[in-house]
Amino acid sequence: MKLRQPILHTQHLDLRPIKLTDVDAVFEYAKDERVGPNAGWKPHTDKEESRSFIKFALQKRDFHQPGIYAIIYRKKNKMIGTIEIHSYKEFKGELGFVLHPKYWNKGFATEAAKAIIVYGFEVLGLRRLAYGHFLFNEPSKRVCEKLGFTYEGTLRNKYLQYNGDVIDEAIYSITSEDFFHHKIPWVMDFKKTLKVDYDLDS
Amino acid sequence: MKGQTFQTDRLIIRPLKEKDLPAVYELFSHDRLMETYGMNNLKTMDHARDFLEELIHDQEWAITLKETKEVIGTIGFVAYKDKHKRAEIAFELKESYWSLGYMKESLQIIIDTFFQTSKMNRLEAYVYPRNKACIHLLEGLGFTKEGLLRQYAVKRDKLEDYYLYSIIKSDYQT
C-alpha cells in the first residue's frame, strides 16, 4: 500500500506531488550552479536530466517511500522547488529540499519544511526525522536551527562529492517526543495556518 | 580484502562457511549477546541457515581460535559503499571470551587491512550508549565519537539511540 501524500497548503505555498509537467520549472533551478552541489548532485546541463529526476521521483511511492512534493509559490503559481521525506524506513526518515535560488532568504524553505514536519509526525507517524547538511552549507544550517532540530553530530568524510571533494555532514533530528511534547515552539501556531487536503490524495 | 584470511597471535579470521552453522546458531540465539548486538534471537536452525547464508553472501568472517579452531565470534562489513569510500563494521563475540582482548585483536587487523590495502576512507561503528565495553574497545582503537543518534533504530521491538563512532584514514595515519 502506498503511503499517503496529501496536498498541503501553507501561508504562501502549496505542496503537491511532483508531476512530469514540472520539468521546465525543475530545469530552471537545477541548471543553476548554486543548487545541486549543496545536495551532492551535479547541475543539470540538459532538460532530459530534469525529466529523469522527475521520473525517478514519481517511482518513489511504488517503493513505499512518501514521495516528492513540488513547492508551488501560490502568488505566482510557480513551481520553485521540491521537498520530501527521503530514506523513509518504518518509523524514521530524513528531510530534504531544493529551492530555486531566486526564492532563497524569503522563509519559503522553512515554511515548506514546517508543513512536511507536521505531515511526517502526524500523518506518517514518524518517531525520528533527521536533517543533514553539508558542513559548508550555512543557509541550510540556519533553516534547520529555525525549525528546532537538535544537533547530534558531524560525520567526518561522510560523502564524496561528484568532483572528488570529501564532505563532512552535520546531522540533526527531531524525535516524536520533541514534536508531541511541545519542545518545538512553532508547531502550535503553524498548525493554525496549515491545511491538509486529503481529497486529491492519489 | 573481502574473502581473505587473516592471522593474528591467537586468532585465525577466515570467511564464514556453511559448516559454521552450529556456531552461528549458538552465537545468534544467545539472549545476552543478542541484546548487546541488537537483533532478535534466532529461534530455529532454519532461521540460522538463512541468516548464515546472508553472512556468507556479505563475505563476513568467522573469528576462530588458532589453537582449537573454535568459532568464537563473527566480524564483517555492512553498508559497504565504494562510491563514498566508507563502510560500517559489525561484530560480536561469544560471552565466555569477553574482556580477553580477542575483539581488539580482530578489529585491529581488519582496520589495518581496510586502510592499508583498500581505497576506503571511513569506517563507522554504531553502538548503544549502555554498551560500555564496546565503547571502551572502540575508543581504544582510535575511533572518534561523532554524535548520539536519537531513536535511530528499532531493535528487539524497542526504539534505540546509538552513538556513531568513526575512524577515518587521516586518524589512522597519525
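Residues numbered from 1 in each chain as written. Chains lettered and ligands numbered in written order. Predicted model: local features only at pLDDT ≥ 70, side-chain atom pairs only at ≥ 80, totals over all residues. Heavy atoms only, no water.

Draft legend 1. Looking closely at the overall build of chain B. A count of helical and extended segments in chain B gives six helices and eight strands. In sequence order, chain B lays out its α and β elements as β-β-α-α-α-β-β-β-α-β-α-β-β-α. In terms of C-alpha radius of gyration, chain B reaches 16 Å, essentially the compact-globule figure of 16 Å for 174 residues. A buried classification covers 50% of the 174 residues belonging to chain B. (Helix = DSSP H or I, 4+ residues; strand = E, 2+ residues; numbered from the N terminus. Rg over C-alpha atoms; globule rule 2.2 N^0.38 Å. Buried < 20%, exposed > 50% of the residue type's maximum accessible area, 1.4 Å probe, protein only.)

Draft legend 2. Summary view of helix α2 (residues 47-59) of chain A. Residue and element names in this part refer to chain A. For α2, which comprises 13 residues, the first-to-last C-alpha distance of 19 Å matches the rise-based estimate of 18 Å (1.5 Å per residue) to within 8%. Considering only its buried residues, α2 is in contact with α1 (23-30) and β3 (68-73). Backbone nitrogen of Glu48 and a side-chain oxygen of the N-cap are separated by 2.7 Å at the start of α2; the cap is Asp46. (Expected span 1.5 Å × (residues − 1). Contact = heavy atoms within 4.5 Å. Polar contact = N/O pair within 3.5 Å; in protein donor to acceptor, adjacent residues only side chain to side chain.)

Draft legend 3. Representation of the packing of aromatic side chains. Enumeration over the complete set of coordinates arrives at 27 aromatic pairs over all chains. Judged by centre distance (5.5 Å) and plane angle (85°), the rings of Phe28 of chain B and Tyr37 of chain B are edge-to-face. One aromatic cluster is present, formed by Phe6, Trp61, Phe77, Tyr80, Phe114, Phe115 and Tyr172 of chain B through successive ring pairs. Across from the ring centre of Tyr152 of chain B, 3.5 Å away, lies the NZ or CZ of Lys92 of chain A, which sits over that ring. Above the ring of Tyr159 of chain A, the side-chain terminus of Arg86 of chain B is found at 5.0 Å from the ring centroid. (Phe/Tyr/Trp six-rings, centres within 6.5 Å; stacked < 30°, edge-to-face > 60°. Lys NZ or Arg CZ within 6 Å of the ring centre and 35° of its normal.)

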